[in-house]
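Residue-level structure breakdown
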Amino acid sequence: MSSAVIADPDTYVTGVPYDLLARLRRETPVTRIGDFWAVLRHSDVRHVLRTPAVFSSQLGGTQIRDPASAEDLRYVRRMMLNMDPPEHGRLRGLLTKAFTPRAVGRIAERIEGWAHDLVAAVADRGECDFAKDIAADLPLLTLAEVFGVPEQDRRLMFDWSNRVIGFQDAEYAVSATVKADDVTDLARAALAVRPEPGPDGRMPDPRSRAGMPDLYAYAHALGEHKREHPGDDVMSNLMQHVDDDGGRVSIEEFENLFWLFSVAGNETLRNGLPGGMAALLAHPEQYRKLLDDRSLLPGAVEEMLRWHTPVMHFRRTATQDTRLSDVDIKAGDKVVVWFSSANRDETVFPDPDVFDVTRAPSEHLTFGHGPHFCLGSHLARMQVRALFAAVFDQLGEVRLAGEPRRLRSNFQNGLKSLPIRWD
């Protein structure tokens, strides 16, 4: 099998090519694929992520595909995800301070209640689509709480993340499930500028500002509202904060943070939750261990995140000539770290293809490493624990009820549909 299939989104409709990744990891752990270097070994991935002076997020952004124009590149560089120190540290520091213990405590209390209610809503049916009916809404509810977004507007984030993350998937690229009658005036104004597919059926590039006018219209209005009418949410804290130099988060910075959270923060967990369930369904003896001993759940969550890694890769760009695993990399080269491979590195994880809820705590890289380590990792873990606890409590053991459908994407390890049933 050619190494090129790793970059082909069609590959992932049937699953992640773990056997190929394992062979390449052993034979050529830094391997050339198309116009980039794929970094497959755990130690090399960690090195790249913790060395931003050599492997930049800002030079070319963090996606394999180059931005289409110089203006698009300037646009992505304004997002925290695509910043290098010191700009990255300033914005991340402000955001970290906004996650006050009080704000996080309020979110934590509500997550358990939402998880319980989502499962209770389907409990009497005997079957449901876990991906659509249960997993999709919990990250949306949590992010709506972080931003102080009215609950009826939360499905906007569902469509936005579909369009951005699913741009390689014909179904998700045109996602438009929200109707104007169901949302606030703020959201109606945004829906008025939602783009439509062109004559060729394609949407404008969602990784450009012009491709997401509805998201930015909503974010701009919300940011101004939070500055003038702050609530108890994290983003109100952020918009009120003044740093040591008298600086504040600008409305433009708020817009870009809103993009990052409502897309990346939503989609990662929305795929991680069905991924965890898929792992349990494929290993019923592990499922029963958790039913019998809930103390295993925190460790099981880490194993779910390792075994079904939601974000499969991120790009960096070399700022100088360097070497990685005896491979010469030139300044300007694309360097793509492959989490799906690193999280199954046999030198770090014994029997890496085995799903084991009793596995000792591990250094999986699902939330990244170094200065860009995921700010929302604590909230993500909280949601996974709460949702599976609710499933175990209310549904008991569930079984697969149909064929899962996977997202056509080489970036997100996505499950669009996961039918389950229970007695």
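Here's a quick rundown of the structure.

All right, on to the packing of helix H12 (residues 251-282) against helix H13 (residues 284-292) then. Where H12 meets H13, the axes come as close as 5 Å, and the angle between the chain directions of the two elements is 110°. Compared by their axis directions, H12 and H13 come out roughly perpendicular. Here H12 contributes Met 277, Leu 280, Leu 281 and Ala 282 to the contact with H13, which in turn contributes Pro 284, Gln 286, Tyr 287 and Leu 290. Tallied by class, residues from the contact of H12 with H13 come to seven nonpolar, one polar and no charged.

Quick look at the pattern of salt bridges now. Oppositely charged side chains can pair when the atoms bearing their charge come close. Evaluated as defined, the whole model comprises 35 salt bridges. Between Glu 151 and Arg 154 there is a salt bridge, and its shortest N-O distance comes to 3.7 Å. The exposure class of Glu 151 is partly exposed, given its relative accessible area of 45%. A cluster of three or more residues bridged by salt bridges with shared partners is formed by Asp 35, Asp 66, Arg 315 and Lys 334.

Let us now look at the sheet that holds strand S12 (residues 419-422). The strand order across the open sheet formed by three strands is S4-S12-S9, and the pairing between neighbours is antiparallel. Bordering the open sheet on either side are strand S4 (127-129) and strand S9 (398-400), each of which pairs with just one other strand. Strand after strand, the sheet turns through a mean of 30° between neighbouring axes, direction not considered. Direction of pairing for S9 relative to S12: antiparallel, over a ladder of three bridges. The residue of S12 that forms the bridge with Leu 400 is Ile 420.

Moving on, we come to the sheet that holds strand S1 (residues 30-33). As summarised here, the arrangement of the five strands in space is S1-S2-S8-S5-S3, forming an open sheet in which the pairing is mixed. Only two strands of the sheet have a single partner each, and these edge strands are S1 and strand S3 (55-56). As judged from the four bridges shared by S1 and strand S2 (residues 36-39), these two strands associate in the antiparallel manner. Note that in S2 the partner of Ile 33 across the bridge is Phe 36. Against the sheet, helix H2 (residues 42-49) contacts S1, S2, S3, strand S5 (313-318) and strand S8 (334-338), and its axis sits at roughly 125° relative to S8.

Attention now moves to unusual backbone geometry. Residue Pro 86 is reached from Pro 85 by a cis peptide bond, and omega for that bond is 5°. By secondary structure assignment, the location of Pro 86 is in the loop between helix H3 (70-76) and helix H4 (87-98). The backbone phi angle of Asp 326 is positive, close to 65°, even though this residue is not glycine. Within the secondary structure, Asp 326 sits in the loop between strand S6 (322-324) and strand S7 (327-329).

Looking now at the nonpolar core. Counting 118 residues, the largest nonpolar core has Phe 130, Trp 259 and Phe 388 as the members making the most contacts within it. If one sorts the elements of this core by residue count, H12 sits on top with 14 residues. In terms of nonpolar packing, the next biggest core, distinct from the first, is built from 15 residues, Leu 20, Phe 36, Ala 38 and Ile 64 among them.

Using the criterion set out here, one finds 17 aromatic pairs in the structure. Ring geometry for Trp 160 versus Phe 258: centroids 5.8 Å apart, planes at 75°, classification edge-to-face. Of this pair, Trp 160 sits in helix H8 (residues 155-165) while Phe 258 sits in helix H12, placing them 98 residues apart in sequence. There is no split in this pair, since Trp 160 and Phe 258 are both buried. When the ring of Phe 367 is compared with that of Phe 373, the centres are 6.3 Å apart and the planes differ by 65°; the resulting orientation is edge-to-face. Given a relative accessible area of 8%, Phe 367 falls into the buried group. Grouping aromatic residues by their ring pairs yields a cluster made of Phe 99, Phe 147, Trp 160, Tyr 218, Phe 254, Phe 258 and Phe 261. Cation over ring: Arg 32 sits above Trp 37, and NZ or CZ is 4.9 Å from the ring centre. Over the aromatic face of Phe 349 sits the side chain of Arg 306, whose NZ or CZ is 5.3 Å from the ring centroid.

Calculation criteria
- Residues numbered from 1 in each chain as written.
- Predicted model: local features only at pLDDT ≥ 70, side-chain atom pairs only at ≥ 80, totals over all residues.
- Heavy atoms only, no water.
- Axes fitted to C-alpha atoms, helices over the stretch in contact; angles between N-to-C directions.
- Helix = DSSP H or I, 4+ residues; strand = E, 2+ residues; numbered from the N terminus.
- Parallel < 35°, antiparallel > 145°, perpendicular 65-115°, else oblique.
- Contact = heavy atoms within 4.5 Å.
- Nonpolar A, V, L, I, M, F, W, Y, C, P; charged D, E, K, R; others polar.
- Salt bridge = Lys/Arg side-chain N within 4 Å of Asp/Glu carboxyl O.
- Buried < 20%, exposed > 50% of the residue type's maximum accessible area, 1.4 Å probe, protein only.
- Pairing = 2+ DSSP bridges.
- Core = buried A, V, L, I, M, F, W, Y, C linked by side-chain atoms within 4.5 Å.
- Phe/Tyr/Trp six-rings, centres within 6.5 Å; stacked < 30°, edge-to-face > 60°.
- Lys NZ or Arg CZ within 6 Å of the ring centre and 35° of its normal.

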